[in-house]
Amino acid sequence: MKILLLEDDIQLAESLGEYLEGMACNVDYAHTARTCLHLAKDNHYDVLILDIGMPGMSGLEACHKIRHDLHLSTPLLFLTARDTLDDKLLGFRAGCDDYLVKPFDPEELWCRLNALAARGPRRDLGIQTFGELTIDYSSRKVFRNQQAINLHATQFNLLKLLIRHSPEVVSKEQIEAELWGDEPPDSDSLRTHMYRLRNQLDKPFSHSLIITEYGKGYRFESR
């Protein structure tokens with residue numbers, strides 16, 4: 001596993017690097033966010049590990065640039081002392097795939113890194129095709145069998161969330177947390193947005209791409 005580690009605490013970076021190298025990983029180090037961006041742009045990594053509280057450009061800003069300027073789909077984990085729910089939501093909104101709070105057990109980090117590497121690159125950046133569905137994430141355009149599908153912002157974000165977790169089922173609570181954070185909508189909002197999304201995405205076609213798992217949630221199923 002090739003890993004890029006952004007960490008300004010030299011002692012922690014060395015300690016963590018020794019552990020990961022002992023697990024047969026190849027680790028590159030960045031002590032500033034700008035160095036991290038240069039390395040991420042010029043090299044292939046299986047996973048990126050970023051601290052948030054960096055001098056100058058923060059890890060959140062670096063993550064946003066990795067996703068939206070460099071358009072890199074490499075799995076990214078925040079390793080940080082910031083432990084509130086708001087901190088975590090900011091991390092996921094910036095584009096991270098996992099979030100681990102310091103202090104941490106190296107074995108837990110290792111398990112999370114393996115899970116991210118096994119999952120592979122994200123599927124919600126650039127232009128992606130999932131069976132009949134093609135999405136241009138930069139222009140926020142959606143096509144099914146070359147037919148344009150017009151989605152409002154919340155519908156697009158809902159589809160994007162389901163695809164990112166596919167083929168896993170995403171619960172109602174998880175969807176609301178990721179889309180609306182600590183200000184959840186009224187009880188019927190998600191149902192209304194899901195209904196409108198399905199009308200646009202599924203109704204004109206012979207089969208559904210969004211599947212309801214009763215009592216569990218929803219999942220995206222490409223064909």
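Here's a quick rundown of the structure. Values in this document were obtained by computation on a predicted structure and should not be read as measured data. (Residues numbered from 1 in each chain as written. Predicted model: local features only at pLDDT ≥ 70, side-chain atom pairs only at ≥ 80, totals over all residues. Heavy atoms only, no water.)

**A look at the overall build of the chain**
Looking only at helices and strands, the chain has eight helices and eleven strands in total. Considering only C-alpha atoms, the chain reaches an extent of 55 × 35 × 30 Å along its principal axes. Buried positions account for 44% of the 223 residues belonging to the chain. For the chain, the accessible surface area stands at approximately 11,600 Å², while carbon and sulfur atoms represent 48% of it. For the chain, the separation between the mean place of its 26 positive charges and that of its 34 negative charges on side chains is 9 Å. (Helix = DSSP H or I, 4+ residues; strand = E, 2+ residues; numbered from the N terminus. Buried < 20%, exposed > 50% of the residue type's maximum accessible area, 1.4 Å probe, protein only. Areas by Shrake-Rupley, 256 points an atom, 1.4 Å probe, with all protein chains shown as cover. Lys, Arg positive; Asp, Glu negative; His and termini not counted. Charge placed at Lys NZ, Arg CZ, Asp CG, Glu CD.)

**Some details on the sheet that holds strand E5 (residues 98–101)**
Reading across the sheet, the five strands line up as E2-E1-E3-E4-E5 and stay open at both edges, with parallel pairing between neighbours. Each edge of the sheet is formed by a strand with only one pairing partner; in this case those strands are strand E2 (26–30) and E5. Within this sheet the neighbouring strands show an average axis-to-axis angle of 20 degrees, counted without direction. Here strand E1 (residues 2–6) pairs with E2 via five bridges, running parallel. Bridge pairing in E2 places Leu5 opposite Tyr29. With respect to the sheet, helix H5 (residues 106–119) is in contact with E1, strand E3 (47–50), strand E4 (76–80) and E5, its orientation differing from that of E5 by roughly 175 degrees. (Pairing = 2+ DSSP bridges. Axes fitted to C-alpha atoms, helices over the stretch in contact; angles between N-to-C directions. Contact = heavy atoms within 4.5 Å.)

**Focus: the nonpolar core**
Counting residues in hydrophobic clusters, the biggest one holds 24 residues, and the most contacted among them are Leu133, Ile135, Val142, Leu159 and Leu201. Mapped by element, the contributors of at least two residues to this core are strand E7 (133–136), helix H6 (153–165), helix H8 (189–201) and strand E11 (217–220). Per-element tally for this core: the top contributor is H6, with six residues. In this structure, Leu159 is in contact with Leu133, Ile135, Val142, Leu151, Leu197, Leu201 and Phe220, ignoring residues within four places of it in sequence. Among the nonpolar cores identified, the runner-up in size contains 23 residues, and Leu50, Ile52, Leu72 and Phe78 belong to it. (Core = buried A, V, L, I, M, F, W, Y, C linked by side-chain atoms within 4.5 Å.)

**Concerning the sheet that holds E7**
A sheet is described by the order of its strands in space; here four strands give the open sequence E6-E7-E8-E9, paired in antiparallel fashion. Edge strands, defined here as strands with exactly one partner in the open sheet, are strand E6 (127–130) and strand E9 (147–149). Averaged over all adjacent pairs, the angle separating strand axes in this sheet is 25 degrees, with direction ignored. Where H6 meets the sheet, its contacts fall on E6, E7 and strand E8 (141–144), and the angle it forms with E7 comes to roughly 115 degrees.

**Brief notes about the packing of helix H2 (residues 33–42) against helix H3 (residues 59–68)**
Packing of H2 against H3 brings their axes to within 9 Å, and their N-to-C directions diverge by 20 degrees. The angle between H2 and H3 places the two elements in the roughly parallel class. By crossing handedness, the relation of H2 to H3 is classed as right-handed. Contact residues: Ala33, Cys36 and Leu37 in H2; Ala62, Lys65 and Ile66 in H3. Here the contact of H2 with H3 is composed, by residue class, of five nonpolar, no polar and one charged. (Parallel < 35°, antiparallel > 145°, perpendicular 65-115°, else oblique. Left-handed = near helix turned anticlockwise from the far one by under 90°. Nonpolar A, V, L, I, M, F, W, Y, C, P; charged D, E, K, R; others polar.)

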